[in-house]
Every structure is written in structure tokens, then in C-alpha cells.
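One letter stands for each residue in the lines below.
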Amino acid sequence: MAERTNIHWCDSSVNPVMGCDGCELANPSSPDAATCYAKVLHDFRGSHKGFASDFFRPELFAGRMAKAAAWPDLTGQPRTDKPWLDGQPRLIFISDMGDALSNGVPFDFLREEIIENVESDQGRRHFWLWLTKRPQRMRAFARHLGRPLPDNLMAMTSVTSARTAWRADMLSRVDARWTGLSCEPILGPIPDRVVRGRDWVIAGFLSGAAAETGLHTACYLRRAAERERVPFFMKQLGHRPEFRDPKGADLSEGPAELAIRRTPDFGQATQQRHAES
Ligand code: SF4
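Summary of the structure given here. (Residues numbered from 1 in each chain as written. Predicted model: local features only at pLDDT ≥ 70, side-chain atom pairs only at ≥ 80, totals over all residues. Heavy atoms only, no water.)

Under the counting rule described, the total for this entry stands at 20 salt bridges. Between Asp-192 and Arg-227 there is a salt bridge; the shortest N-O distance is 3.1 Å. Of this pair, Asp-192 sits in the loop between β7 (178-183) and β8 (200-204) while Arg-227 is found in helix α6 (residues 211-228), placing the two residues 35 residues apart along the sequence. Residue class for Asp-192 comes out partly exposed when judged on its relative accessible area of 22%. Taking the relative accessible area as the measure of exposure, Arg-227 reaches 54% and is therefore exposed. (Salt bridge = Lys/Arg side-chain N within 4 Å of Asp/Glu carboxyl O. Helix = DSSP H or I, 4+ residues; strand = E, 2+ residues; numbered from the N terminus. Buried < 20%, exposed > 50% of the residue type's maximum accessible area, 1.4 Å probe, protein only.)

The strand order across the open sheet formed by seven strands is β1-β4-β5-β6-β7-β8-β9, and the pairing between neighbours is parallel. Every other strand in the sheet has two partners, leaving β1 (12-14) and β9 (232-236) as the edge strands with one partner each. On average, each strand axis in the sheet is tilted by 25° relative to the strand beside it, whichever way the strands run. The pairing of β7 with β8 spans four bridges and is parallel. Of the residues in β8, the one forming a bridge with Leu-181 is Val-201. (Pairing = 2+ DSSP bridges. Axes fitted to C-alpha atoms, helices over the stretch in contact; angles between N-to-C directions.)

Neighbouring the ligand are the residues Cys-20, Gly-22, Cys-23, Leu-25, Ala-26, Cys-36, Ala-38, Phe-55, Gly-98, Lys-133 and Arg-134. Applying the majority rule of atoms within 2 Å of the grid points places the ligand in the largest pocket. Broken down by class, the residue content of the shell around the ligand amounts to seven nonpolar, two polar and two charged. (Near = heavy atom within 4 Å. 1 Å grid on protein atoms, 1.4 Å probe; cavity = no way out; pocket = protein on both sides within 12 Å on 5 of 7 lines; lining within 4 Å. Sits in = over half its atoms within 2 Å of the grid points. Nonpolar A, V, L, I, M, F, W, Y, C, P; charged D, E, K, R; others polar.)

Turning to the packing of aromatic side chains, a few remarks are in order. A complete count under the given rule lists eleven aromatic pairs for this structure. Each ring, one from Phe-55 and one from Phe-56, has its centre 5.4 Å from the other, and the planes form 75°; the classification is edge-to-face. Note on Phe-56: relative accessible area 31%, which makes it partly exposed. In textbook terms, an aromatic cluster arises when at least three aromatic residues are bridged by ring pairs, as seen for Trp-9, Trp-84, Phe-93, Phe-127, Trp-178, Trp-200, Phe-233 and Phe-266. Stacked on the ring of Trp-178, the Lys or Arg Arg-177 has its end atom at 4.1 Å from the ring centre. The ring of Trp-84 carries Arg-261 above its face, with NZ or CZ at 4.5 Å from the centroid. (Phe/Tyr/Trp six-rings, centres within 6.5 Å; stacked < 30°, edge-to-face > 60°. Lys NZ or Arg CZ within 6 Å of the ring centre and 35° of its normal.)

Before going further, it helps to examine the environment of Gly-188. As for its placement among the helices and strands, Gly-188 is situated in the loop between β7 and β8. By relative accessible area, which is 6% here, Gly-188 ends up buried.

Within this model, the largest pocket holds a volume of roughly 1300 Å³. Taken together, 48 residues line the largest pocket, and the ones lying closest to its centre are Ile-7, Tyr-37, Ala-38, Asp-96 and Lys-235. Those elements that place two or more of their residues in the lining of the largest pocket are α1 (37-45), β5 (127-132) and β9. Per-class residue counts for the lining of the largest pocket are 23 nonpolar, 14 polar and eleven charged. Computed from the structure, the second largest pocket encloses a volume of approximately 210 Å³. (Points joined across faces, edges and corners; volume = space filled by probe spheres on them.)

We now examine unusual backbone geometry. Across the junction of Glu-184 and Pro-185, the peptide omega takes the value 0°, indicating a cis bond. Mapping Pro-185 onto the fold places it in the loop between β7 and β8. In the Ramachandran plot, Arg-229 falls in the positive-phi region, its phi being about 60° despite a non-glycine side chain. You can see Arg-229 is positioned in the loop between α6 and β9. The class of Arg-229 is exposed, set by a relative accessible area of 77%.

This next bit is on the side chain of Arg-137. Its place among the elements puts Arg-137 in helix α4 (residues 135-145). Apart from the residues lying within four places of it in its own chain, the contact partners of Arg-137 are Leu-101, Ser-102, Asn-103, Val-105 and Phe-107. (Contact = heavy atoms within 4.5 Å.)

With five of five residues buried, β9 is to be regarded as a mostly interior element. With four bridges joining them, β8 and β9 adopt parallel strand pairing. Residue pairing across strands places Gly-204 opposite Gln-236, the latter belonging to β9.

Next up, the structure:
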């Protein structure tokens, strides 16, 4: 967990589950296998405390969400390094080092660890971004819960190409007030229907062979988001020799069309909660 993360679209991250069942970015047979940062880090850290000893055997870490909920409120605090987040409550990304909705993770654990802490008095001061590549299991979990996911939480999934666009369709069936999409890294063309009905779309791509496709697809998604009035957030442009920023995160170095980092007004969810309590 990190109270302060380098990830551009949030302030903090927390991982109640480390490791996951894999996806197109980490399955050994996939041509994109090298791009899962979580797996690379797990392989590097191996048996270190706080990591799953085998990335593909997710491990549960109860108590991390409560610690994250206790982090100070950031509402109204300027972010010197991420000015696009000014005015927001603390944005906490759940699951950047695995997938909490991996098959073996019990729903009771998710309810007690994630939902109860998001809805706690301290958790309500923040806004939570729960990302999964298993929206079908998130949908089943919300059904198990018997009510919508909390309204200070965004249900999110990843679409990396047309092959995984089904995840956005499935996300639409999750009982949640907020839904968001991460198209990162873009590996191939993505149909514009994935944007429809979303509250937020994040995009980013890598350097190398996928960069041209990434660039075209990001522009295409940005236009789709504009039509649908969905806030669009460009995370990174991939590395290019002519860029000063090695990760392509300085958007002023890329096309003007992609120099955009918009966010929804997450404060409405937390302020409403404050008013109710
Ligand atoms: S679901 Fe996420 S953590 Fe798991 S392998 Fe894929 S990219 Fe890595």
C-alpha cells in the first residue's frame, strides 16, 4: 500500500489482495506477458513480507483497507505534483498489485475488508477506485452484497483491445453508482461503445510496436468520450526518443488532442456523505 503513489490518476493505492489469476498482460502464453508491472514486481520481491510468494496464488492481507481509510482527508488540499486532482477527495486505487476479484477470494472477505472500510466513517472521507479485469465476478459480488456498491466507490475495469471490450459490457451490468474504464496499456484498436455510460475513461499506451496503434486509439477514444460527455484522462504517451520524459507522462510533448487530464467531480459523493452523517 502507498499513501502517496506515482500513479497519475490517484493519490494513493491499497492492496487487500496481492497477486491474481492472470490476464492478457501476464499469462505466460500471451505475447503481452511482460507488461504486468505487478507481476514483474512480485517476481522481483519474491518472498518479501507483504507480497504473495507466488503471484498466481493470490494472498489476502486483512487490515490494509482500514489503514488506508485512516489516511488524512485531502479534500481541498492542493496537489503540487498532480494539480489535476485539486479539489478532489483523496482518490485511493484498490488493487494495483493484483486483482481482488480473483477466483479464490471469498466474497465475505471482500465485504468485510473492502466494503465495510469504504463505508466506515473514515472511509467516507475518501473516494475509492476499484479496478478489476473480472467485472463478471464484481457483478456477482454486488449481487451477493444484495445492494449497490457504495456511492463513494467507482467500479472499474480494463480494456486493452477489441478482444477485451466485453469487460466494459459486463461492467455496465454491475450494480454501481459509478463506473470507469482504464484503457491502459492500449494494445490494439478499441471500439467506441466501451465509453458509453461511463463516468471516467483513462487511457495510456506503451512505447515500441504498439505506440502507433496506441496513439490512434487514444485519439479515437478521446473523441468518443467528448461525444458522450465522459471525462477523459490521458495517463501517458509511451516513450519516444524525442521525449524528455522517459515515460511519456509530460503530455505537452505529444499531440495537443491528447494533452488532457479531466476527472469527474468525486467530491459530490463524499460531501453528500458528510452532509448525511
Ligand atoms: S489482472 Fe492486473 S495484476 Fe493481474 S495479471 Fe493482469 S494486469 Fe497483472
